[in-house]
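In case you want the letters, here they are:
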Amino acid sequence: MDDSDPDMRHRMEGMILRTQKNLCDVLSDIDGKEFRVDRWTRPNDGGGGISCVLQDGKVFEKAGVNISVVKGVLPPEAVKQMRARGHSALKEGDSLPFFACGVSSVIHPRNPFVPTLHFNYRYFEVISDNQRVWWFGGGTDLTPYYLDEDDAKHFHSTLEKACRPHNPTFYQKFKKTCDDYFVIKFRGERRGIGGIFFDDMDEPSADACYEFVSSCAKSVIPSYIPLVKRHYKDPYTDHHRRWQLLRRGRYVEFNLVYDRGTKFGFNTPGARIESILMSLPLESRWEYMHEPQPNSPEEKMMKVLKKPRDWV
């Protein structure tokens, strides 16, 4: 990979390490429980990563914050998926050398009035015909079980502020991409109330893309932690818990059926399955033909999941 950019690789590695440490420190401080830290490597000098998981905590039922810095050879099926997203410079039918690094996290709280958070930010390089093709991707999105409009406005406003200095059109553009991506198509509903999502970002320059991704990663804690602190002591009933588990079932459906990152992991030789499936909740529930009661808080939530709203 002689045409690679080692400086960008090192900058991204430093950014994802800082993001992981800062978030784990904050979550541990709130919960009172330490993360389990697993350092893992891929075979044949293929890199590795650090998986940090807090499980069965007082506040967080399951929280995972993973980083990976990996390299190897993409199989033709993975190359085909990338070409389908517009990377026509990648040679079809070949196995291609790649480098990838990123941070990803899913936080499933115990209290149904605290939303689930997901984010990931990543950098990718592929060598095809001796040319380096690179791009950035990522996003942050929120999955509440009960709609709190003040929470939604705070979350989206924080993301908008992170986007604005880099391009005033980014927030609205990437919000729409997020709303369109996190759709459980066979249900006709979104996974949550969205956030921002982007992929294949390769302009105006690598430096500009890096600065934008770093800004988004820094916005994770201020966008989410105030919501946790506001609600984690809220009283709740078995009814609230049951609804939370039903919505977590939808979370599982999206991640296993539609999520591109999960599919890419499954198609990558030597992938660490435990880290890929870290996003799944400890518990979830499916009920036959379940419908929320009319005019209930659950129905209010469903209306937003079926028809996304603007929060900024």
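Anything mentioned here points back to the structure above.
Residues numbered from 1 in each chain as written. Predicted model: local features only at pLDDT ≥ 70, side-chain atom pairs only at ≥ 80, totals over all residues. Heavy atoms only, no water.

**Looking at the sheet that holds strand β9 (residues 194–201)**
Counted only if it meets this: Here, strands pair whenever DSSP counts at least two bridges between them. Each helix corresponds to a stretch of at least 4 residues labelled H or I by DSSP, and each strand to a stretch of at least 2 residues labelled E; elements are numbered beginning at the N terminus. Between N-to-C directions, angles cover 0 to 180 degrees, with each direction set by a line fitted to C-alpha atoms, over the stretch in contact for helices.
One open sheet accounts for seven strands, arranged β1-β2-β3-β4-β5-β6-β9; its pairing is antiparallel. Two strands bound the open sheet, and with one partner strand each, they are β1 (36–41) and β9. Recorded for the sheet is a direction-independent mean angle of 5 degrees between the axes of neighbouring strands. Pairing of strand β5 (residues 116–128) with strand β6 (residues 131–143) involves 13 bridges; the strand directions are antiparallel. Bridge pairing in β6 links Glu 125 to Trp 134.

**Quick look at empty space enclosed by the protein**
Cut-off, in case you're wondering: A cavity here means a set of points on a 1 Å grid, drawn over the protein atoms and nothing else, where a 1.4 Å probe fits but cannot get out; a pocket is an open set with protein on both sides within 12 Å along at least five of seven lines, and a residue lines either one if it has an atom within 4 Å of a point. Grid points are joined across faces, edges and corners, and a volume is the space filled by probe spheres set on the points. Just so you know the grouping, Ala, Val, Leu, Ile, Met, Phe, Trp, Tyr, Cys and Pro go in nonpolar, Asp, Glu, Lys and Arg go in charged, and all remaining residues, Gly too, go in polar.
Here the structure, examined in full by the defined rule, presents two cavities of 30 Å³ or more. What the largest cavity holds in volume is close to 1100 Å³. As for the largest cavity, its lining consists of 46 residues, and the residues nearest its centre are Ser 104, Arg 122, Gly 261, Thr 262 and Phe 264. Those elements that provide at least two residues to the lining of the largest cavity are β3 (60–74), α2 (76–84), β4 (96–109), β5, β9, α7 (238–257), α8 (260–267) and α9 (273–276). Tallying contributions element by element places β4 first for the lining of the largest cavity, with eight residues. Taken together, the residues of the lining of the largest cavity sort by class into 23 nonpolar, 15 polar and eight charged. Counted as a void, the second largest cavity has a volume near 50 Å³. What lines the second largest cavity is Asp 141, Leu 142, Thr 143, Cys 178, Asp 179, Phe 182, Arg 190, Arg 191, Gly 192 and Gly 194. Contributions of two or more residues to the lining of the second largest cavity are made by β6 and α4 (170–181).

**Section: the environment of Pro 75**
For clarity, the threshold we go by: Here's how the labels work: a residue is buried when its accessible area is under 20% of the maximum for its type, exposed when over 50%, partly exposed in between, all with a 1.4 Å probe on protein chains only.
Structurally, Pro 75 can be placed in the loop between β3 and α2. Given a relative accessible area of 17%, Pro 75 falls into the buried group.

**Remarks on helix α3 (residues 149–163)**
Residues spaced three or four apart along an α-helix face the same direction, because each turn holds 3.6 residues. Formally: In a helix, the anticipated span is given by 1.5 Å times the number of residues less one. We call two residues in contact when some of their heavy atoms are within 4.5 Å. Counting of polar contacts relies on pairs of N or O atoms within 3.5 Å, with two restrictions inside protein: one atom must be capable of donating a hydrogen and the other of accepting it, and residues adjacent in sequence are counted only when both atoms are side-chain atoms.
Spanning 15 residues, α3 covers 21 Å between terminal C-alpha atoms, matching the ideal 21 Å at 1.5 Å per step. Those residues of α3 that sit buried are Asp 151, Ala 152, Phe 155, His 156, Thr 158, Leu 159, Glu 160, Ala 162 and Cys 163. Looking at the buried positions of α3, the neighbouring elements they touch are β5, β6, α4, β9, α5 (206–218) and α6 (220–231). N-capping of α3 is provided by Asp 148, with a side-chain oxygen placed 3.0 Å from the backbone N of Asp 150.

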